[in-house]
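# Reading the structure
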Amino acid sequence: MKRVVVTGLGAVTPIGNNVQEFWNSLINGVSGAAPITRFDTTQFKTKFACEVKNFDASSIFEKNEIRKYDLFTQYALYAADEAVKNANIDFDSLNKNRIGVIWGCGDGGISTFEEQIGEYKLGNGTPRFSPFFIPKRIVNIASGVISIKYGLRGINYTTAAACSASNTAIIDAFNYIRWGKADMMITGGSEASVTESSIGGFNASKALSTLNDDYSKASRPFDATRDGFVLGEGAGVVILESYEHAIKRNAVILAEIVGGGLAADAYHLTGTHPEGEGAVLGMELALEEAGISPDQIDYINAHATSTPTGDLSELKAVEKVFGINPNANISATKSMTGHLLGGAGAIEAIACIKAVQENIVPPTINTQDVEPEFADKFNLTLGKAQSREVNYAMSNTFGFGGHVASSIFKKFEK
């Protein structure tokens, strides 16, 4: 099996439109929550979200290009552009047949779908849809467009595993490289779901916080008073390549990915298993693949969306795998970014990689009253970032349908 390293990162998030802005906001505990600007929320129970701010697509697209791409694809291309530049890649000097794209997304072009159907319903019944309607809305288009932009002919597809989609994509990319099926992969995920149907649908299922009067504190994972997640949006890109390939092109290596565990709760349509059975299996598989023991993990970026049942099941799973008061700091960066759904795992992988690089664990903000059962069992990194040696970091993601993905990043050593 080949070693797989990280050589590039890119991000568009509610708290920063590049990796450094994102990281600075994370370690300083900045909340990305604000009133929704995309539509009139008068009739909605939730009136806030973690939207991307000051996003300028024209910086990398021509005007006639922008209309071809839904926002989730624009985010993907924008973050990919940063990552490719960050990794100092000259694709023309490489074998493009062995470079691919695996992307994670849940909703695809949901805003395009709403817009086009809305216009049709308001019309005279004549179906006059944009010729870009289908390619703008299909969930796989971001991976295709990224490959087209750079002329990459290798493995190319999209993982649609709900909120674990981009972590699953990263693990798949890791596997293809270590198996020798690819030299380099652009991977990660994006989402642009701050729309009427998303807010309305999640409200109907009682999944979203309705703390409209104090929205910046609404995402409060592990807090006994939490009332649901805050919807986020954006994209994260991680460029992976084999160690040999990276060395040959004199790449700067940021970290190494050493383990990935994929599993399922096999329990409920939307709810996690109350005892975290799938999460336990995913974490154990990732540890086994990395060849390390639980006490070697220094940081766990928890899925922790701030839902009443989900946070509890994850902490129960962590206790089963790591025990009480483990070596690892735990934090929930969704307290700042909100929940990016299919894009969550990508930006949280970046948080883990930066933690390994900088030896800083980003905090869990807003949490005041930790669930009594777990108040004294874990270091949840409450309130402020903590400096410590971070040699191994784990990222957990779980999705509707019971999907589980856990990945492990390691400080790079030659």
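This text goes with the structure placed above it.
Now for a quick tour of the structure.

Conventions used here
Residues numbered from 1 in each chain as written. Predicted model: local features only at pLDDT ≥ 70, side-chain atom pairs only at ≥ 80, totals over all residues. Heavy atoms only, no water. Helix = DSSP H or I, 4+ residues; strand = E, 2+ residues; numbered from the N terminus. Rg over C-alpha atoms; globule rule 2.2 N^0.38 Å. Buried < 20%, exposed > 50% of the residue type's maximum accessible area, 1.4 Å probe, protein only. Core = buried A, V, L, I, M, F, W, Y, C linked by side-chain atoms within 4.5 Å. Contact = heavy atoms within 4.5 Å. Phe/Tyr/Trp six-rings, centres within 6.5 Å; stacked < 30°, edge-to-face > 60°. Lys NZ or Arg CZ within 6 Å of the ring centre and 35° of its normal.

What follows covers the overall build of the protein chain. Scanning the protein chain from terminus to terminus reveals 13 helices and 14 strands. Relative to its length of 414 residues, the protein chain is compact, with a C-alpha radius of gyration of 20 Å against a globular reference of 22 Å. With the C-alpha coordinates of the protein chain rotated into their principal frame, the extents come out at 65 × 55 × 40 Å. Taking all 414 residues of the protein chain together, 59% fall into the buried category.

If you look at the biggest cluster of nonpolar residues, it comprises 40 residues, and the most contacted ones within it are Val6, Leu9, Val238, Leu240, Ile353 and Phe409. Elements with a minimum of two residues in this core: strand 1 (4–12), helix 1 (19–27), helix 7 (165–178), strand 7 (234–242), strand 8 (255–264), helix 13 (344–358) and strand 11 (360–361). Other than its neighbours up to four places away in sequence, Ile353 contacts Val6, Leu9, Val238, Leu254, Ala255 and Phe409. One finds Tyr69, Ile141, Ile146 and Ala192 within the second-largest nonpolar core, a separate group that totals 33 residues.

Let's shift gears to the packing of aromatic side chains. Each pair of aromatic rings is reported with the distance of its centres and the angle of its planes. Taken as a whole and assessed by the stated rule, the structure comprises 15 aromatic pairs. Centre to centre, the rings of Tyr120 and Phe129 are 5.5 Å apart; their planes meet at 35°, and the pair counts as tilted. Looking at Tyr120, the relative accessible area reads 30%, which means it is partly exposed. Feature note: the residues Phe113, Tyr120, Phe129 and Phe133 constitute an aromatic cluster, connected by ring pairs. Directly above the aromatic system of Tyr243 lies the positively charged group of Arg3, at a separation of 4.6 Å from the ring centroid. Between the NZ or CZ atom of Arg137 and the centre of the ring of Phe133, over which it lies, the distance is 5.5 Å.

Time to look at the environment of Ser147. Secondary-structure assignment places Ser147 in helix 6 (residues 141–150). Once the C-alpha coordinates of Ser147 and Ser306 are considered, the two residues, 159 residues apart in sequence, prove to be 35 Å apart. Excluding residues that lie within four positions of it along the chain, Ser147 makes contacts with Val101, Leu152 and Asn156.

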